[in-house]
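# Breakdown of the fold
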Amino acid sequence: MTGRFDGRTCLVTGAAMGIGYAIAERLGSEGARVVVADVKPAEGEDAARRLCDAGCDASFLALDVSSEDGWKQAAAAMESLGAGLDALVNNAGVEAVAPLAELDMAIWRRAMDVNLTGVYLGTRYMAPLLLAGSAVRGAGASVVNISSIMGLIGLPGSSAYAATKGGVRLFTKNIAVEFAMERKNIRVNSVHPGFIQTPMSEVGARRLAEKGLAKDVGEALGQMASMSPMGRLGRPEDIAAGVAFLVSDDAAFMTGAELVIDGGYTAR
Ligand code: NAP
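Residues numbered from 1 in each chain as written. Predicted model: local features only at pLDDT ≥ 70, side-chain atom pairs only at ≥ 80, totals over all residues. Heavy atoms only, no water.

### Things to note about the packing of aromatic side chains
Inclusion rule: The pairing test for Phe, Tyr and Trp rings, Trp by its six-membered ring, is centres within 6.5 Å, and the orientation test on the planes gives stacked under 30 degrees, edge-to-face over 60, and tilted for anything in between. Helix and strand labels come from DSSP, where a helix needs a run of H or I of at least four residues and a strand needs a run of E of at least two; each type is numbered from the N terminus. Remark: exposure states derive from per-residue accessible area (1.4 Å probe, protein chains only) relative to the maximum for the residue type, with buried under 20%, exposed over 50%, and partly exposed in between. Consider the ring centre and the ring normal. A charge sits over the ring if Lys NZ or Arg CZ is within 6 Å of that centre and within 35 degrees of that normal.
In total, this model carries one aromatic pair according to the counting rule given. Residues Phe-195 and Tyr-265 carry aromatic rings whose centres are separated by 5.7 Å and whose planes lie at 80° to one another, so their mutual orientation is edge-to-face. Here Phe-195, found in the loop between strand 6 (186-193) and helix 6 (199-210), pairs with Tyr-265, found in the segment after strand 7 (258-261); they are 70 residues apart in sequence, far enough to count as distant. Among the residues examined, Tyr-265 registers a relative accessible area of 9% and is labelled buried. Over the face of the ring belonging to Tyr-21 we find Arg-50, whose NZ or CZ atom lies 4.6 Å from the ring centre. Over the ring of Tyr-265 we find Arg-268; its NZ or CZ atom is 5.2 Å from the centre of that ring.

### Some thoughts on the site of the ligand
Put simply, the test is: Only heavy atoms are used to decide nearness, and a residue is near a molecule or strand if one of them lies within 4 Å of it. Polar contacts, as used here, are pairs of N or O atoms within 3.5 Å; protein pairs need one atom able to donate a hydrogen and one able to accept it. Residues neighboring in sequence count only if both atoms are side-chain atoms. Methods summary: accessible areas were calculated by the Shrake-Rupley approach with a probe of 1.4 Å, and residue burial reflects only the protein chains presented.
In the vicinity of the ligand there are 28 residues, among which Ile-19, Lys-40, Asn-91, Tyr-161 and Thr-198 approach most closely. Between the ligand and Asp-38 there is a distance of 2.9 Å, counted from an oxygen atom to a side-chain nitrogen or oxygen. Within the side chain of Lys-40, an N or O atom sits 2.8 Å from an oxygen atom of the ligand. Protein chains bury 91% of the 880 Å² of accessible surface belonging to the ligand in isolation. Put simply, the parts of the chain that give the shell around the ligand at least two residues each are helix 1 (18-29), helix 5 (159-181) and helix 6.

### Let's talk about the domain arrangement of the protein chain
Spelled out, the test is: An automatic or database domain assignment supplies the start and end points of every domain. Here, residues are in contact when the closest pair of their heavy atoms is within 4.5 Å. As used here, buried area is the combined drop in accessible area, with a 1.4 Å probe, of two parts when they are placed together. What counts as a salt bridge is simple: a side-chain nitrogen of Lys or Arg found within 4 Å of a carboxyl oxygen of Asp or Glu. Lys, Arg, Asp and Glu make up the charged group, whereas Ala, Val, Leu, Ile, Met, Phe, Trp, Tyr, Cys and Pro make up the nonpolar group; the residues left over, Gly among them, are polar.
You can read the domains of the protein chain as domain 1 (9-194 + 238-267) and domain 2 (197-233). Each of domain 1 and domain 2 has a C-alpha centre, and these two points are 25 Å apart. In this assembly, 16 residues from domain 1 lie in contact with 12 residues from domain 2. Across the domain 1/domain 2 interface, buried area totals approximately 950 Å², and carbon plus sulfur atoms make up 62% of it. Taken as a group, Glu-95, Gly-263 and Tyr-265 account for 47% of the area that domain 1 buries against domain 2, more than any other trio of residues on that side. The salt bridge partner of Lys-211 is Glu-102, with a shortest N-O separation of 4.0 Å. Remark: the boundary between domain 1 and domain 2 carries four residue pairs in polar contact (both at pLDDT 80 or more). Taken together, the residues of the side of domain 1 that touches domain 2 break down into eight nonpolar, four polar and four charged.

### Digging into the pairing of strand 6
Stated formally: Any two strands between which DSSP finds at least two bridges are classified as paired. Orient the strands so they point away from the viewer; a crossover is then right-handed if the path from the first strand over the helix to the second runs clockwise.
Burial of strand 6 is extensive: eight of the eight residues sit out of reach of the surface. Burial along strand 6 is two-sided: Ile-186, Val-188, Ser-190 and His-192 and Arg-187, Asn-189, Val-191 and Pro-193, pointing in opposite directions, are all buried. When strand 5 (residues 141-146) meets strand 6, the two strands line up parallel, connected through six bridges. Residue pairing for strand 6: Val-143 is matched across the bridge by Val-188. Following the chain from strand 5 across helix 5 to the adjacent parallel strand 6, one finds a crossover that is right-handed.

### Side note on the environment of Arg-26
Relative to the helices and strands, Arg-26 resides in helix 1. As a C-alpha pair, Arg-26 and Arg-183 span 157 residues in sequence and 29 Å in three-dimensional space. Dropping the residues within four chain positions of it, Arg-26 is found in contact with Arg-4, Ala-240, Ala-241 and Ala-244.

### Considerations on the pattern of salt bridges
Throughout the structure, instances matching the rule amount to 13 salt bridges. What emerges from the salt-bridge pattern is a single network uniting Arg-4, Arg-26 and Glu-30.

### A closer look at the side chain of Thr-172
Mapped onto the elements, Thr-172 comes out in helix 5. For Thr-172, the side chain forms a polar contact with the side chain of Asn-145, separated by 3.0 Å. Not counting residues up to four positions away in its chain, the partners in contact with Thr-172 are Asn-145, Val-188, Asn-189 and Ser-190.

Below is the structure:
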């Protein structure tokens, strides 16, 4: 343990599995007290337990990021922990793959509610706690919003998802500027992962296989990997490393920035 985040409290949404779990693990392994927030109670409790078993200070918070009441309750729960919040990682998200003709309102609304409204609500309701955290420790607090390469470029069949992730990108920049010009010591940045091997990408791969676009899930994941110049899928840990950098004091002069971690996908 390097203890880079000793004494800091970090809340990670959608942290029961995938990228969120890796982020919680990385921040926790460097000394942060991590709050694992997720809509899935059993998986979230289990994730927090595994982190504790690995020596981290972790607890679970049941939270549906698309619920305003949920965020109000989460803010009250965080307040009761005391000393504010040092980092909020808005990671929870859902995939939404459908070509326009199949893109109904249910798919559109769910993607917007979780991926975009969830980021807005989290930032809004955690801002007072982040401000309190930055005042106590003086190092400044950090919001990291997990967008996607699909918040930067288009991919067929992903218009709803891309609209949410593009929204996250510009929401991030606006709040970053707003906070900075109000002299609030809270930096706000976005992270743009390429294809990462998680339960979410496996759902996408299964869909490709079901549509006959790949022989099976393995082949579909292989197709995703081959789309990146580096020829592999990213690991959740690859994203966690970037998030830890943005949370850390090494990123003290970074706000409103977009960190792309995609094996070169968007560089072509
Ligand atoms: P994942 O494997 O599906 O894990 C996401 C976790 O968030 C799951 O536990 C999920 O529960 C939970 N969640 C979903 N809706 C929620 C809500 N309303 N409130 C709280 N928690 C909720 O996803 P991932 O691949 O790790 O993705 C994490 C983030 O990275 C997402 O924002 C995603 O869009 C982004 N991203 C992923 C990739 C990729 O290739 N995997 C690439 C670029 C960006 P359920 O299982 O019930 O949904």
